[in-house]
Each structure stands twice: as structure tokens, then as C-alpha cells.
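# Chains, contacts and geometry: an overview
Below, each chain spelled out in residue letters.
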Amino acid sequence: MTALLQVDDLRVHFGPVGAPGTVKAVDGISFSVERGRTLGLVGESGCGKSTTGYAILQLVPPTTGRVLYGGTDLCRADSGTLRRLRRKLQIIFQDAHASLNPRMPIGDLVGEALDIHGLHKGRARAGRIHELLDLVGLAGHLIERYPHELSGGQAQRVAICRALAVEPELIVCDEPVSALDVSIQAQIVNLLQDLQERLGLTYIFISHDLSVVRHMSDQVAVMYLGKIVEMAGKDEIYARPAHPYTKALMSAIPVPDPDSEAQRQRIILAGDLPNPANPPSGCRFRTRCPIAIDACAATDPPPHAMSATHWAKCIRLEEGS
Amino acid sequence: MPLLAVRNLRTRFATDRGTVRAVDGVSFDLAEGEVLGLVGESGSGKSVTALSIMRLVPEPPGRVTADSMSFDGTDLLRLTEAQAREVRGASMAMVFQDPMRSLNPVLSIGRQLVEVLQRHQKLGRQAARRRAIELLEMVGIPLADKRLAAYPHQFSGGMRQRVMIAIALSCNPRLLIADEATTALDVTIQAQIVDLVKRLTRERGTSVIWISHDLGVVANLCDRVNVMYAGRIVESAPIRDLFQRPSHGYTLGLLGSTPRIDGPALRRLSPIDGLPPNLIDPLPLCPFLPRCRVSVAACRERAPDRRDLGHEHWATCFAELGPRAP
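What you see is a predicted model, and the numbers here were worked out from it, not measured in a lab.

Another point: the overall build of chain B. Of regular secondary structure, chain B possesses 11 helices and 13 strands. For chain B, the C-alpha radius of gyration of 21 Å lies close to 20 Å, the compact-globule estimate for 326 residues. Here chain B, with 326 residues, has 48% of them falling under the buried criterion. Considering only contacts within chain B whose residues lie at least 6 apart along the sequence, 65% involve residues at least 24 apart.

Structure representation (C-alpha cells):
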């Protein structure tokens with residue numbers, strides 16, 4: 001199967017190039033996603049996962065690297081090509097209310113997406129808007145309502161509806177359920193799964209919540225300070241996390257079961273994320289890593305393969321093999 | 001005698017559209033050193049319950065009544081505003097979800113900590129400063145003596161929340177109320193904070209009300225849980241009983257909505273359909289009925305009474321649910 005999206009050595013640096021204080025938000029990451037699949041991108045605040053999502057859509061300009069979509073490098077595409085391809089690549093955000101114009105009724109918000117790309121003009125427009133609202137489980141009478149009249153879950157459905165209006169192939173989902181109550185979160189997660197099955201969508205699912213990512217993803221990439229430290233198929237990474245950061249992250253997720261909670265060993269990481277403008281030398285995780293050795297400061301660790309589909313960047317893994 | 005005893009707490013807000021029954025007859029006890037979870041979705045009345053106990057509900061438009069609400073022998077509802085302020089600083093403290101909004105952005109961290117210590121502990125400047133450093137060290141802020149001069153924006157979210165906890169603990173409160181205190185934090189920082197709260201209850205016997213919609217954190221931290229829906233407690237149980245034998249349709253819905261990192265990967269979650277209830281004109285029946293997946297005939301006839309399930313476990317639900325499949 002060929003990849004729908006391929007990202008090669010993507011870097012997004014903020015600030016003057018090469019100057020001290022340049023924030024390397026994304027610093028050389030590569031991955032690919034197959035059509036109809038979901039890649040989960042996880043990590044803590046400031047790890048660069050959202051910036052990666054924006055850079056794929058060229059919403060922030062990548063510093064270097066390639067984003068190949070169906071063979072076209074989006075980083076080098078002219079504005080006309082980019083505009084045409086944006087129809088195929090959409091994004092939904094964490095705060096749906098903030099992403100909807102408060103002065104526009106729901107029908108117009110969805111219609112606007114159609115108008116921009118010249119889809120379903122004239123009489124067909126109203127019918128298509130109803131069809132789209134129905135697709136995301138919103139009642140037709142909401143068409144005249146304004147965003148402030150909607151609950152958080154309904155607003156997120158409208159945002160999904162706008163993204164779907166242009167018949168995209170790939171949707172970047174940036175923490176789409178993190179601000180929602182757990183009961184509503186489950187509704188939206190199920191909706192995204194239904195839509196993927198019905199429309200053959202490809203997702204990049206960005207979240208700090210490893211339980212939701214496990215539920216949504218086929219493949220998972222763990223990011224720390226601008227780099228992917230581990231990548232694997234969902235079942236492999238949750239059954240056998242290899243990188244000490246992935247292990248700590250997983251151990252920190254509480255399980256809704258007091259008996260297993262009592263038995264779980266939690267790896268408490270000391271301190272906070274280091275300043276991304278001045279990351280540690282060598283392995284960036286070494287300052288918080290429970291198993292770091294002197295050699296970790298020397299070189300940026302290369303990927304160590306656990307299997308054909310599972311790798312992690314940690315020099316301590318070499319010892320065991 | 002429990003540290004806190006709440007009987008039939010009702011908190012209402014007058015609005016243009018009618019009276020909102022935010023808390024509608026809540027009763028519970030909290031023992032010394034106990035960690036009580038308050039669980040439920042937005043609008044279920046968890047935060048308003050906490051604010052009512054803290055006497056922080058503005059009246060009007062709010063109106064707080066109760067048959068009794070006693071804290072360490074004092075009836076909280078009879079306190080004047082000045083007396084309530086004394087109790088709040090010295091014996092009860094609260095930590096909110098968003099530390100940036102609780103900290104003053106133009107005052108240094110040290111000044112905000114020292115202020116509390118001078119006000120409530122009547123410490124001198126030097127003594128207050130020394131104590132402030134101790135407190136920051138206790139909540140795990142490195143180089144505490146240097147950090148006193150820093151301003152809130154120079155701290156990360158996790159550090160700011162730890163400062164809020166340090167301020168809350170500065171007067172050795174007997175009751176700490178944490179309202180979604182770790183919801184906005186990264187999981188590794190959340191684990192640090194939960195660890196800290198556990199240490200406090202163990203070492204100092206602090207009682208805690210932990211408000212959260214995250215059943216995972218609750219399972220890890222709490223001794224007992226009250227599940228709230230539509231301003232009422234619909235189920236109350238010791239922590240293990242709640243998870244082994246959830247006995248209200250809503251509790252079951254919450255558990256089915258929660259994705260897990262352990263166990264076999266589920267193909268689908270079972271969400272709670274529909275929307276939260278109207279708190280202005282409540283149904284004369286179970287408020288969860290329109291969204292319930294396990295309702296029985298009796299649910300459509302009358303409101304359920306509290307059903308005792310033994311082991312200090314009760315629920316207001318007609319459905320006989322039995323133990324949960326593992």
C-alpha cells in the first residue's frame with residue numbers, strides 16, 4: 001500500500017535561523033500515513049505535535065523538509081496548487097467555539113466552506129448543508145442557531161461538518177476531544193470512527209491523552225521536544241513500550257480501576273519540559289530520564305529497531321540486544 | 001465525628017429564564033484524612049457544591065440553603081462574611097483548574113505566598129519568607145529561594161499549579177478542595193501532583209474533596225466517591241465498590257465512555273447519548289432517564305429513592321445492575 005502522506009525530515013524553527021534562542025519546535029521528523037489509516041501523534045505540551053500538524057497543512061511555514069501529498073511537495077507548491085490541495089487536507093481544533101465565527105449561523109458556517117471551493121452552487125447548496133449536518137449527527141433545526149447556543153460537543157460536530165464539507169481525504173485532528181466531558185468525548189470519538197469507515201478518511205490524530213489515541217490510532221508516534229522518540233503500530237507500542245519517555249508517559253495515565261491502580265508502578269518524572277530554545281545535548285530526554293548515562297549527552301541517538309514496524313531512539317536499548 | 005457534614009444542601013441561581021437548581025439536596029460526610037471524589041460532567045453541580053461549602057457563592061444571584069453544613073463543629077451557613085474569610089484562609093483551602101486565573105499576574109510568586117502567611121499565620125516578614133521557601137520546596141519547585149522573585153508568567157502550567165497548592169497548604173488547612181486541579185496539566189505533571197496530595201493526606205491527615213471527571217485519577221486517589229448528576233448525588237460508594245458494582249445508569253455510562261490504556265483494545269466506546277439535563281424545570285422522575293440505557297418500567301412512573309446496597313454503598317436507581325463484568 002502506498003502512503004497518502006509522507007513527511008521527510010520536517011523542521012519548523014521559530015526565530016532567526018542559527019541564532020541562539022531559536023526555538024526548534026519541530027526538529028527533523030519523518031513518517032508516512034497510508035490512506036484510510038490513523039496516525040496518533042502524542043506527547044506533552046510543547047513537544048511540537050500541534051506545530052507538526054500545522055506545518056503539514058502549511059499553516060506555519062516549515063523551515064526545511066518535505067511534505068509529500070500524493071507526490072506533490074506541499075512545501076514547494078505555489079499558492080494556486082496549495083489552495084486546490086487544501087480541499088483534500090482539513091483540520092479540526094481543540095476549541096471548536098473559538099474556531100467558529102460567532103456572528104454566523106450554523107448553516108452559513110457550513111455553507112461558507114462550500115462557497116470557498118465553489119462546491120454545490122445554487123439550489124443544491126441548501127440540500128447539501130442538511131446532508132452534511134445529518135452526517136455528523138446534528139439536527140436540521142440547528143441551521144439557524146449561532147455558535148454560542150451550542151454545547152461543546154455540538155460545536156465540535158459543526159467544526160467536523162465544515163471540514164467534511166469540502167470532501168477531504170485527510171483530516172488533522174488537533175486535540176479534538178480534550179476539552180470535552182468524557183461522555184461527550186466518547187460521542188465524538190465514535191463519530192470520527194464512523195466517518196472514517198464511511199468516507200475512507202485518513203487522520204492524523206494529535207493528543208496528549210494516550211488512552212484516546214490508543215482507541216483511535218493504527219500507528220502511534222511519541223514526540224518529545226521536537227523529535228519523534230518512538231514509533232510503532234498501536235498494539236506493539238501499548239504492549240511493549242521501549243523508550244523510557246513512552247514508558248513514563250504510559251505509567252502516568254491512570255486506569256479507571258482501583259485494584260489495578262494499586263498494583264501499577266508509576267514512573268514519576270522529575271521536573272518540567274526543558275526550554276525548547278536551549279534543549280539538552282545528545283538525547284533531549286536525558287535530563288528527566290530515570291536510566292540516563294553519561295554517553296546520552298554525547299550524541300543524538302539513532303533509531304533502534306525492535307521489529308520491522310517498531311523503533312525507538314534510546315542508546316540504552318542497544319545494551320539489551 | 002466527621003470533619004465536614006453536609007445535610008440537604010441546595011444552591012439556586014436566579015436567572016431571567018427561571019431558577020437554576022445547581023445543587024439540589026446534597027448530603028454527605030467527610031472524615032478526617034479522607035479523600036472524597038466528586039464525579040460528574042459539566043453542570044452536574046460538583047463545583048457549585050464546593051463553592052457553597054467554601055461560602056464563595058455570590059448571594060444574590062445565588063442562594064445557598066441547607067438543613068445543616070457543619071465543619072469541625074462550626075455551622076458554615078451562620079458565619080458572617082468576615083468569619084467565613086478567616087475559616088477559608090486558615091482551615092479550608094481550594095485549588096482551581098486554571099492557576100493563571102487564580103494568581104495575580106503583576107505580583108511575584110513570593111509576594112503572593114508571603115501575603116497569605118502574614119495575613120492568616122501572623123508571621124513576620126522574614127519568618128513568612130522562610131516558610132514560603134519551605135512550602136515551594138515541599139511541592140517540588142527547585143531553587144525555591146530564587147524562584148520567590150519570579151512572576152506567574154515565568155512558570156509553566158504545572159509549576160503554577162504547584163504554587164497554587166503551596167498557597168492552599170500554607171496555613172495547614174484541614175480541608176483541601178481541588179476542583180479539576182490537574183485537568184489542564186500534562187499527565188506526567190498530573191502524576192506528580194496526585195503523588196503530592198497522597199503524601200499530604202498520609203503525613204498530615206488533611207481531608208480532601210477531589211472534583212474531577214477523570215475516573216482514572218479518582219480510582220488512583222480517592223477513598224470514596226460521590227457521583228453527581230443534575231445537582232444531586234446519584235450514587236455514593238467506597239472506591240472499590242463503585243468500580244466493581246456501579247449501580248446507577250449514569251455511573252455505568254461514565255465507565256463505558258472512558259477509553260482505557262490497559263486491557264484489550266475496545267472496538268467502540270459506549271457514550272452517553274444526548275445532552276445534560278435542564279436544571280430549571282427538572283423532570284419529576286430520575287433526571288438521567290432520557291439518556292439512560294438500563295431504564296426499567298418503574299423509571300417512567302416515579303422518582304427513585306435511595307437504595308442501600310450495603311458496605312456504605314447506595315444509589316438512586318431502579319435498575320438492578322449486579323456486579324460488573326471484568
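Read on, since the account is not over.
Another point: the pairing of strand 4 (residues 64–69) of chain A. The side chains of a regular strand alternate between the sheet's two faces. All names here are of chain A. Alignment of strand 1 (residues 3–14) against strand 4, held across five bridges, turns out to be antiparallel. Of the residues in strand 4, the one forming a bridge with Arg 11 is Thr 64. Strand direction decides the pairing type here: strand 4 and strand 5 (residues 72–73), joined by two bridges, are antiparallel. Note that in strand 5 the partner of Tyr 69 across the bridge is Thr 72.

With that settled, the discussion passes to the sheet that holds strand 12 (residues 307–308) of chain B. Residue and element names in this part refer to chain B. On the basis of which strands lie adjacent, the open sheet formed by eight strands has the order 7-8-9-3-10-11-13-12 and mixed pairing. In this open sheet, the two edge strands, each paired with only one partner strand, are strand 7 (92–95) and strand 12. In the sheet, strand 3 (residues 35–39) pairs with strand 9 (residues 207–212) via five bridges, with the strands oriented parallel. Within strand 9, the position partnered with Val 39 by the bridge is Ser 212.

Let's shift gears to the interface of chain B and chain A. Contacts between the two partners involve 37 residues from chain B, matched on the other side by 35 residues from chain A. For the side of chain B that touches chain A, the elements supplying multiple residues, two or more each, are helix 7 (157–169), helix 8 (187–204), helix 9 (215–221), helix 10 (239–244) and helix 11 (249–257) of chain B. At six residues, helix 8 of chain B tops the list of elements feeding residues into the side of chain B that touches chain A. Class assignment of the residues belonging to the side of chain B that touches chain A gives a composition of 18 nonpolar, 12 polar and seven charged.

Glancing now at the pairing of strand 1 (residues 4–15) of chain B. Residue and element names in this part refer to chain B. Sheet topology places strand 1 next to strand 5 (residues 68–71); four bridges connect them, and they run antiparallel. Within the sheet, the bridge partner assigned to Ala 5 lies in strand 5 and is Ser 70. In this sheet, strand 2 (residues 18–30) lies alongside strand 1 in antiparallel orientation, the contact comprising 10 bridges. Of the residues in strand 2, the one forming a bridge with Ala 5 is Asp 29. Adjacent in sequence and paired antiparallel, strand 1 and strand 2 are bridged by two residues. Across four bridges, the pairing between strand 1 and strand 4 (residues 62–65) is antiparallel. Of the residues in strand 4, the one forming a bridge with Thr 11 is Val 64.

As a further point, take helix 8 of chain B. Between its first and last C-alpha, helix 8 of chain B extends 25 Å over 18 residues, near the 26 Å set by a 1.5 Å rise per residue. Those residues of helix 8 of chain B that sit buried are Val187(B), Thr188(B), Ile189(B), Gln190(B), Ala191(B), Gln192(B), Ile193(B), Val194(B), Val197(B) and Leu200(B). In this structure, the buried side of helix 8 of chain B is in contact with helix 10 (244–252) of chain A together with helix 7, strand 9 and helix 9 of chain B. Positive backbone phi, at 70°, marks Gly205(B), one or two positions downstream of helix 8 of chain B.

Let us look at unusual backbone geometry. All names here are of chain B. Of note, the bond from Glu 59 into Pro 60 is cis; its omega dihedral lies within 30 degrees of zero at -15°. Turning to its location among the elements, Pro 60 is positioned in the loop between helix 1 (46–53) and strand 4. Pro 60 connects to Pro 61 through a cis peptide bond whose omega is 5°. Here the phi dihedral of Asn 172 falls at roughly 50°; this positive angle occurs in a residue that is not glycine. Relative to the helices and strands, Asn 172 resides in the loop between helix 7 and strand 8 (175–179). Residues other than glycine seldom take positive phi values, yet Ala 230 does so here, at roughly 50°. By the element assignment, Ala 230 lies in the loop between strand 10 (224–229) and strand 11 (232–238).

With that out of the way, let us pick up the sheet that holds strand 7 (residues 170–174) of chain A. Pairing between the strands of a sheet comes from backbone hydrogen bonds, and it takes one of two forms, parallel or antiparallel. Residue and element names in this part refer to chain A. Here we have eight strands laid out as an open sheet, ordered 6-7-8-3-9-10-12-11, and mixed in their pairing. Across the chains shown, the open sheet's two edge strands, defined by having one partner strand only, are strand 6 (89–92) and strand 11 (304–307). The average undirected angle you get between the axes of adjacent strands in this sheet is 20°. Note that strand 3 (residues 38–42) and strand 9 (residues 219–224) share four bridges and pair parallel. Pairing of Leu 39 across the sheet is with Gln 219, part of strand 9. Those strands touched by helix 10 are strand 9 and strand 10 (227–233), and its axis lies near 100° from that of strand 9.

Now for the domain arrangement of chain A. Residue and element names in this part refer to chain A. Structurally, chain A comprises domain 1 (3–88 + 168–320) and domain 2 (103–163). The gap between the C-alpha centroids of domain 1 and domain 2 is 31 Å. In this assembly, 10 residues from domain 1 lie in contact with eight residues from domain 2. With four residues, helix 7 (residues 182–199) is the single largest residue contributor to the side of domain 1 that touches domain 2. Taken together, the residues of the side of domain 1 that touches domain 2 break down into eight nonpolar, one polar and one charged.

Conventions used here
- Residues numbered from 1 in each chain as written.
- Chains lettered and ligands numbered in written order.
- Predicted model: local features only at pLDDT ≥ 70, side-chain atom pairs only at ≥ 80, totals over all residues.
- Helix = DSSP H or I, 4+ residues; strand = E, 2+ residues; numbered from the N terminus.
- Rg over C-alpha atoms; globule rule 2.2 N^0.38 Å.
- Buried ≥ 20, exposed ≤ 12 C-beta atoms within 10 Å, placed from the backbone.
- Contact = placed C-beta atoms within 7 Å.
- Pairing = 2+ DSSP bridges.
- Nonpolar A, V, L, I, M, F, W, Y, C, P; charged D, E, K, R; others polar.
- Expected span 1.5 Å × (residues − 1).
- Axes fitted to C-alpha atoms, helices over the stretch in contact; angles between N-to-C directions.
- Domains from an automatic or database assignment.

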